[in-house]
Amino acid sequence: MIYLDSAATTLLKPRGVHAAVSKAMRYLASPGRGGHRAAMAAARTLYECRETAAELFNMENPENIAVTFNATHALNIAIRDLVPENGRVITSGYEHNAVMRPLHALSADVTVIDTPPFDGPAMVAAFEEALKSAPDAAVFTHVSNVFGYVLPIEELAALCRRAGVPFIIDASQSAGALTVDFSALGADHIAMPGHKGLYGPQGTGLLLCKKTPSPLLFGGTGTDSARPVMPEYMPDAAEAGTHNMPGIAGLNAGMKFVLHRGTDLIGEQERLITAYIAEKLSDVGGVTCYSGKDGTGSGVISFNIDGIQPESTAQMLDREGIAVRAGLHCAPAAHKTAKTFPAGTVRMSACAFTTLRDAETAVQAIKRICAQDKNI
Amino acid sequence: MYYLLAGRSLTGTQRMEKALARAGIGSMTVRSPTAAQVSGCGYCVRVTEKNYKGAINALELSNLSPKHVFFCSGSGNCTEVPF
């Protein structure tokens, strides 16, 4: 199989991740739930995972990193922390349902900055204008999970800081492939999955916090257990219940892989793959490829074939042994912004293990689908 | 005789252990014995009597501070002490 669905999860993992998960399942007990060797070994692995994340995302204090079950969990904590019921929020027009649904559940008054994809200056200008209304918070993704569009987050973050508006960054598609510098961005929270560009197992995520968020879940933390309330300090306030130790061990190994290979190199390789696909599809009749200028794209690319529904294209590619994703990608807002709603797009996404040969095979398959369609 | 420096969390305690290691002071994160618990379960860094003052100084230099400090006898009796 040629796997081009890494934006959903990186199925291809470094060998060290498999080894770490396997070892954790045999030897690591529950951190913070005892003083025996297996519990303390788990505690050391968990702390090491926080330290690795702190190094990767330039955070001084590993205590301010919460380990979550996925990016959605992390985003829910962050949004519940900053957005009151009926609060006013600014978002980009490229947000995932992991952002939009929690906001909807809070009956938030959401201003969506629906500027065209790959147009950073337009988004910055619209954001600046919207911030004048002094919203309770802003939430924006680093990279669109549909189009691979890299948003100008440094500029957006600077605008929020200047306006004194708390903000959350969704780094689901960028962590591990683009620089995410927590200290430089000054975000209140940055959320990310562990199982995409960080190469950990599914069921892992991270929330980087400037300060302790209000708890989303309530339960055991292994400390201060005589008190009926959740601890008011990080990371315990955000980590009720038993940790996913096999996942955390794997995530730590995945992040070490990213640190070793280098975020810049991984990101460059992914962009090379999608740029190659975009170039090769640009002269295929009937194919619309959604891509931007240099520097605004990432390892994610969407396309459509005239007259063929995205889901059908994905099925045909699957029959050729090529795994892609079709539809709305849980981000209807992005499709509304880019005018690809309601059918959506076909999405291909690369990782550190994707090769140009994979890309070429996919391009040839798409060409065959287009030719077949014309023959029908 | 030894001292137990209780962190506010397991992670905070581990951070103290790391800071002490960087300062060349040997210590170990352990589960707090009942005699050194203030509000239920917790963790602390165990340091020898000889290393105690150096440990407190090293933590101060790292902008870290234990939540509680206990002086413990060999028999396991612990008394909270000011620091």
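Just so it is clear, the structure is predicted and the values come from calculations on it, not from any experiment.

### Description of the overall build of chain B
For chain B, the count of helices and strands is 2 helices and 5 strands. Against the compact-globule benchmark of 12 Å for 83 residues, chain B has a radius of gyration of 11 Å, which places it among compact chains. For chain B, the C-alpha atoms occupy an extent of roughly 30 × 25 × 20 Å along the three principal directions. In chain B, which comprises 83 residues, the proportion classed as buried is 48%. Partitioning the contacts of chain B with sequence separation of at least 6, the portion at a separation of at least 24 is 62%. In the structure as shown, chain B presents an accessible area of about 4200 Å², 51% of it carried by carbon and sulfur atoms. Of the side-chain charges in chain B, 9 are positive and 4 negative, and the distance between the mean point of each set is 7 Å.

### Remarks on the sheet that holds strand β12 (residues 325–327) of chain A
Residue and element names in this part refer to chain A. Pairing is antiparallel across the open sheet formed by 4 strands, whose spatial order is β9-β10-β13-β12. Looking along the sheet, the strands with just one partner apiece sit at the ends: β9 (287–290) and β12. Ignoring strand direction, the axes of neighbouring strands in this sheet form an average angle of 25 degrees. Bridge count for β12 against strand β13 (residues 345–349) is 3 bridges, and the pairing is antiparallel. Opposite R325, over in β13, you have R347 as the bridge partner.

### Here we look at the interface of chain A and chain B
With 24 residues of chain A at the interface, the matching set in chain B holds 17 residues. Buried surface at the junction of chain A and chain B, both sides included, amounts to about 1700 Å², of which 53% is carbon and sulfur. On the chain A side of the interface with chain B, the three residues burying the most area are Y47, E63 and Y233 of chain A, jointly 32% of the side's total. There are 4 salt bridges connecting chain A and chain B. K18 of chain B is paired through a salt bridge with E51 of chain A; the nearest N and O atoms lie 3.6 Å apart.

### Here's the deal with the packing of aromatic side chains
Residue and element names in this part refer to chain A. This model, assessed by the stated rule, comprises 10 aromatic pairs over all chains. Judged by centre distance (5.3 Å) and plane angle (75 degrees), the rings of Y199 and F257 are edge-to-face. Separated by 58 residues along the polypeptide, Y199 in the loop between β7 (189–193) and β8 (205–209) and F257 in helix α8 (residues 245–261) bring together distant segments of the chain. F257 matches Y199 in its accessibility class, with the two residues each being buried. Measuring from ring centre to ring centre gives 5.4 Å for F257 and F353, while their planes differ by 25 degrees; the resulting arrangement is stacked. Residue F257 is found in helix α8, and its partner F353 is found in the loop between β13 and α12 (356–375); the two are separated by 96 residues along the sequence.

### Re the sheet that holds strand β4 (residues 68–72) of chain B
All names here are of chain B. The strand order across the open sheet formed by 5 strands is β2-β3-β1-β4-β5, and the pairing between neighbours is antiparallel. Sheet topology places β2 (28–31) and β5 (78–80) at the edges, where each strand pairs with a single neighbour. Between one strand axis and the next, the sheet turns by 35 degrees as a mean value, whatever way the strands run. As judged from the 4 bridges shared by β2 and strand β3 (residues 43–48), these two strands associate in the antiparallel manner. Bridge pairing links V30 to C44 in β3.

### Here's the deal with the packing of helix α2 (residues 37–56) of chain A against helix α1 (residues 10–22) of chain B
Between α2 of chain A and α1 of chain B, the shortest axis-to-axis distance is 11 Å and the interhelical angle comes to 80 degrees. When the axis of α2 of chain A is compared with that of α1 of chain B, the two are roughly perpendicular. Touching A43, R44, Y47, R50 and E51 of chain A of α2 of chain A are L10, T11, Q14, R15 and K18 of chain B, all from α1 of chain B. Class assignment for the residues of the contact of α2 of chain A with α1 of chain B results in 3 nonpolar, 2 polar and 5 charged.

### Some details on the state of the cysteines
Using the criterion set out here, one finds 1 disulfide over all chains in the structure. Shown here is the disulfide that connects C72 of chain B with C78 of chain B, its sulfur atoms set 2.3 Å apart. Since a negative S-S torsion denotes a left-handed disulfide, the C72 of chain B-C78 of chain B link at about 110 degrees is right-handed. Classification of C78 of chain B by relative accessible area gives buried; the value is 16%. Of the cysteine sulfurs around C370 of chain A, a residue in no disulfide, the closest is that of C289 of chain A, at 11 Å. No disulfide involves C44 of chain B; its nearest neighbouring cysteine sulfur is the one of C72 of chain B, lying 7.4 Å away.

### A look at the environment of G176 of chain A
Residues and elements named next belong to chain A. Within the secondary structure layout, G176 lies in the loop between β6 (167–170) and α7 (182–185). Separated by 33 residues in sequence, G176 and C209 place their C-alpha atoms 18 Å apart. When near neighbours in sequence (up to four residues on either side) are disregarded, G176 contacts G197, L198, V258, T263 and I266.

### Points about the side chain of S349 of chain A
Residues and elements named next belong to chain A. Here S349 lies in strand β13. Among the polar contacts made by the side chain of S349, one reaches the main-chain amide nitrogen of A7 at a distance of 2.8 Å. Leaving out residues up to four positions away in the same chain, S349 has contacts with Y3, L4, D5, S6, A7, G299 and V300.

### Focus: the pattern of salt bridges
All names here are of chain A. One pass over the structure, following the stated rule, counts 13 salt bridges over all chains. Ionic pairing is found between D5 and R347, a salt bridge with its closest N-O pair at 3.2 Å. Pair noted here: D5 is in the loop between β1 (2–3) and α1 (15–27) and R347 is in strand β13, with a separation of 342 residues, a long-range link. For the pair shown, D5 and R347 are each scored as buried.

Criteria and thresholds
- Residues numbered from 1 in each chain as written.
- Chains lettered and ligands numbered in written order.
- Predicted model: local features only at pLDDT ≥ 70, side-chain atom pairs only at ≥ 80, totals over all residues.
- Heavy atoms only, no water.
- Helix = DSSP H or I, 4+ residues; strand = E, 2+ residues; numbered from the N terminus.
- Rg over C-alpha atoms; globule rule 2.2 N^0.38 Å.
- Buried < 20%, exposed > 50% of the residue type's maximum accessible area, 1.4 Å probe, protein only.
- Contact = heavy atoms within 4.5 Å.
- Areas by Shrake-Rupley, 256 points an atom, 1.4 Å probe, with all protein chains shown as cover.
- Lys, Arg positive; Asp, Glu negative; His and termini not counted.
- Charge placed at Lys NZ, Arg CZ, Asp CG, Glu CD.
- Pairing = 2+ DSSP bridges.
- Axes fitted to C-alpha atoms, helices over the stretch in contact; angles between N-to-C directions.
- Buried area = accessible area lost by both parts, 1.4 Å probe.
- Salt bridge = Lys/Arg side-chain N within 4 Å of Asp/Glu carboxyl O.
- Phe/Tyr/Trp six-rings, centres within 6.5 Å; stacked < 30°, edge-to-face > 60°.
- Parallel < 35°, antiparallel > 145°, perpendicular 65-115°, else oblique.
- Nonpolar A, V, L, I, M, F, W, Y, C, P; charged D, E, K, R; others polar.
- Disulfide = S-S within 2.5 Å.
- Polar contact = N/O pair within 3.5 Å; in protein donor to acceptor, adjacent residues only side chain to side chain.

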